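The primary structure of each chain is shown beneath.
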Amino acid sequence: MAESLSLILLLVGAIFMLLAAIGLARMPDVFTRMHSSTKSATLGVSFIMLGVALFFNDFAISARALAIVVFMFFTAPVAAHMIGRAAYLSRVQLWEGTLSDEMEGCYNPKTHVLASQSPSVTEKESNTSPGEPR
Amino acid sequence: MSILVTITFGLLILAIFVAFVRLVRGPSLPARVVALDLMGSLVVGFIAIYAVAIDQPIFLDVAIVLALIGFLGTVAFAYFIEKGELPWQKV
């Protein structure tokens, strides 16, 4: 009973990982690709490790599988954030259907420091606000 | 070996192949690094399923080490993409 349940968990994890790979191949943009691949691959690894822990049914092996799950949950968002930031700063082209890029102009291109608002936006807002004393 | 394990192996091999297609075709370097990161996760899952298939839990240690190496590789790639010149992009 436990063995068949663990095999079903392995199958569910493999389906999630296949969905991650399909999203990686089909999405139009680096950022949408990361959106599909990172989360779904983490969930797939978690399901597979749960199945492994249930299959072997031993404390030492279950602790090892749980360690992999915890490690993936810590490292996958960090890695995705770093590669997304690097992609944005190296001006990878966004998808042509992108509606808004809220960080446009906010990054200093030399120092890579993020300002809270781009200079052009602040200028426009101070021009259009009527009640503000100058 | 159960038929379910065989199907799981097939799905993971298909996933690795699809991710490899993106690794080859990816137009920019960050796209390739994302594909490589996903391939690392896929291989971690593959090793875990192999440990189940041959009933040898010692292979889980390999999966731990591979997860660590994959994370370090992705972080190093991201660091050097952010620091470096842009040879693949005509500014």
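Structure: above.
Residues numbered from 1 in each chain as written. Chains lettered and ligands numbered in written order. Predicted model: local features only at pLDDT ≥ 70, side-chain atom pairs only at ≥ 80, totals over all residues. Heavy atoms only, no water.

J.: Would you mind going over the overall build of chain A in detail, with residue names and values included?
T.: If you tally the helices and strands in chain A, you get four helices and zero strands. The order of α-helices and β-strands along chain A, N terminus first, is α-α-α-α. If you take every contact in chain A between residues at least 6 apart in sequence, the share linking residues at least 24 apart comes to 53%. Working note: accessible area of chain A is about 8,100 Å², and carbon and sulfur atoms make up 65% of it. (Helix = DSSP H or I, 4+ residues; strand = E, 2+ residues; numbered from the N terminus. Contact = heavy atoms within 4.5 Å. Areas by Shrake-Rupley, 256 points an atom, 1.4 Å probe, with all protein chains shown as cover.)

J.: Pulling in residues and values, what's your account of the interface of chain B and chain A?
T.: Taken together, the contact between chain B and chain A spans 48 residues of the former and 43 residues of the latter. For the pair chain B and chain A, the summed buried surface comes to about 3,900 Å²; carbon and sulfur atoms form 82% of the total. At the surface where chain B touches chain A, the tally comes to two salt bridges. Arg 64 of chain A is the partner of Asp 61 of chain B in a salt bridge, and the nearest nitrogen-oxygen pair spans 3.3 Å. The interface formed by chain B and chain A contains four residue pairs in polar contact (both at pLDDT 80 or more). (Buried area = accessible area lost by both parts, 1.4 Å probe. Salt bridge = Lys/Arg side-chain N within 4 Å of Asp/Glu carboxyl O. Polar contact = N/O pair within 3.5 Å; in protein donor to acceptor, adjacent residues only side chain to side chain.)

J.: Got a sec to walk through the packing of aromatic side chains? Specific residues and values, please.
T.: All names here are of chain A. What the rule picks out here adds up to seven aromatic pairs over all chains. With a centroid separation of 5.6 Å and 5° between ring planes, the pair formed by Phe 16 and Phe 47 is classed as stacked. With Phe 16 in helix H1 (residues 2-26) and Phe 47 in helix H2 (residues 30-56), this residue pair connects regions lying 31 residues apart in the sequence. What makes Phe 16 partly exposed here is its relative accessible area of 26%. (Phe/Tyr/Trp six-rings, centres within 6.5 Å; stacked < 30°, edge-to-face > 60°. Buried < 20%, exposed > 50% of the residue type's maximum accessible area, 1.4 Å probe, protein only.)

J.: Please set out the environment of Gly 26 of chain B residue by residue, giving values where relevant.
T.: When you line up the elements, Gly 26 of chain B lands in the loop between helix H1 (3-25) and helix H2 (29-53). Among all residues touching Gly 26 of chain B, those that are not within four sequence positions of it are Ala 31 and Arg 32 of chain B.

J.: Can you tell me about the nonpolar core, naming the residues and giving the values?
T.: Counting 52 residues, the largest nonpolar core has Ile 48, Met 49 and Val 52 of chain A together with Leu 38 of chain B as its most contacted members. Of all elements in the fold, only H1, H2 and helix H3 (59-89) of chain A together with H1, H2 and helix H3 (59-83) of chain B reach the threshold of two or more residues within this core. Excluding anything up to four places from it in sequence, Leu 38 of chain B contacts Ala 20, Ala 21, Leu 24, Ser 37 and Ala 41 of chain A together with Ala 19 of chain B. (Core = buried A, V, L, I, M, F, W, Y, C linked by side-chain atoms within 4.5 Å.)

J.: Go over the packing of H1 of chain A against H1 of chain B, please, and point to the residues and values.
T.: At a closest axis distance of 8 Å, the pairing of H1 of chain A and H1 of chain B adopts a crossing angle of 15°. The angle between the axes of H1 of chain A and H1 of chain B places the two elements in the roughly parallel class. Taken as a pair, H1 of chain A and H1 of chain B cross one another with a handedness that is left-handed. Contacts between H1 of chain A and H1 of chain B involve Leu 7, Ile 8, Leu 10, Leu 11, Ala 14, Ile 15, Met 17, Leu 18, Ala 21, Ile 22, Leu 24 and Ala 25 of chain A on the former and, on the latter, Leu 4, Val 5, Ile 7, Thr 8, Leu 11, Leu 12, Leu 14, Ala 15, Val 18, Ala 19 and Arg 22 of chain B. (Axes fitted to C-alpha atoms, helices over the stretch in contact; angles between N-to-C directions. Parallel < 35°, antiparallel > 145°, perpendicular 65-115°, else oblique. Left-handed = near helix turned anticlockwise from the far one by under 90°.)

J.: Got a sec to walk through H2 of chain B? Specific residues and values, please.
T.: An ideal rise of 1.5 Å per residue puts 36 Å on 25 residues; H2 of chain B measures up with 36 Å between its terminal C-alpha atoms. A positive backbone phi angle near 60° is found at Asp 55 of chain B, which sits one or two residues after H2 of chain B. (Expected span 1.5 Å × (residues − 1).)

J.: Explain the packing of H1 of chain A against H2 of chain B to me, using residue names and the numbers behind them.
T.: Running from amino to carboxyl end, H1 of chain A crosses H2 of chain B at an angle of 165°, the nearest separation of the two axes being 11 Å. Judged by the inter-axis angle, H1 of chain A sits roughly antiparallel to H2 of chain B. Between H1 of chain A and H2 of chain B lies a crossing of left-handed hand. For the pair H1 of chain A and H2 of chain B, the contacting residues are Leu 7, Leu 10, Met 17, Ala 20, Ala 21 and Leu 24 of chain A in the first and Val 34, Ala 35, Leu 38, Ser 41, Leu 42, Ile 49 and Val 52 of chain B in the second. Its residues placed into classes, the contact of H1 of chain A with H2 of chain B shows 12 nonpolar, one polar and no charged. (Nonpolar A, V, L, I, M, F, W, Y, C, P; charged D, E, K, R; others polar.)

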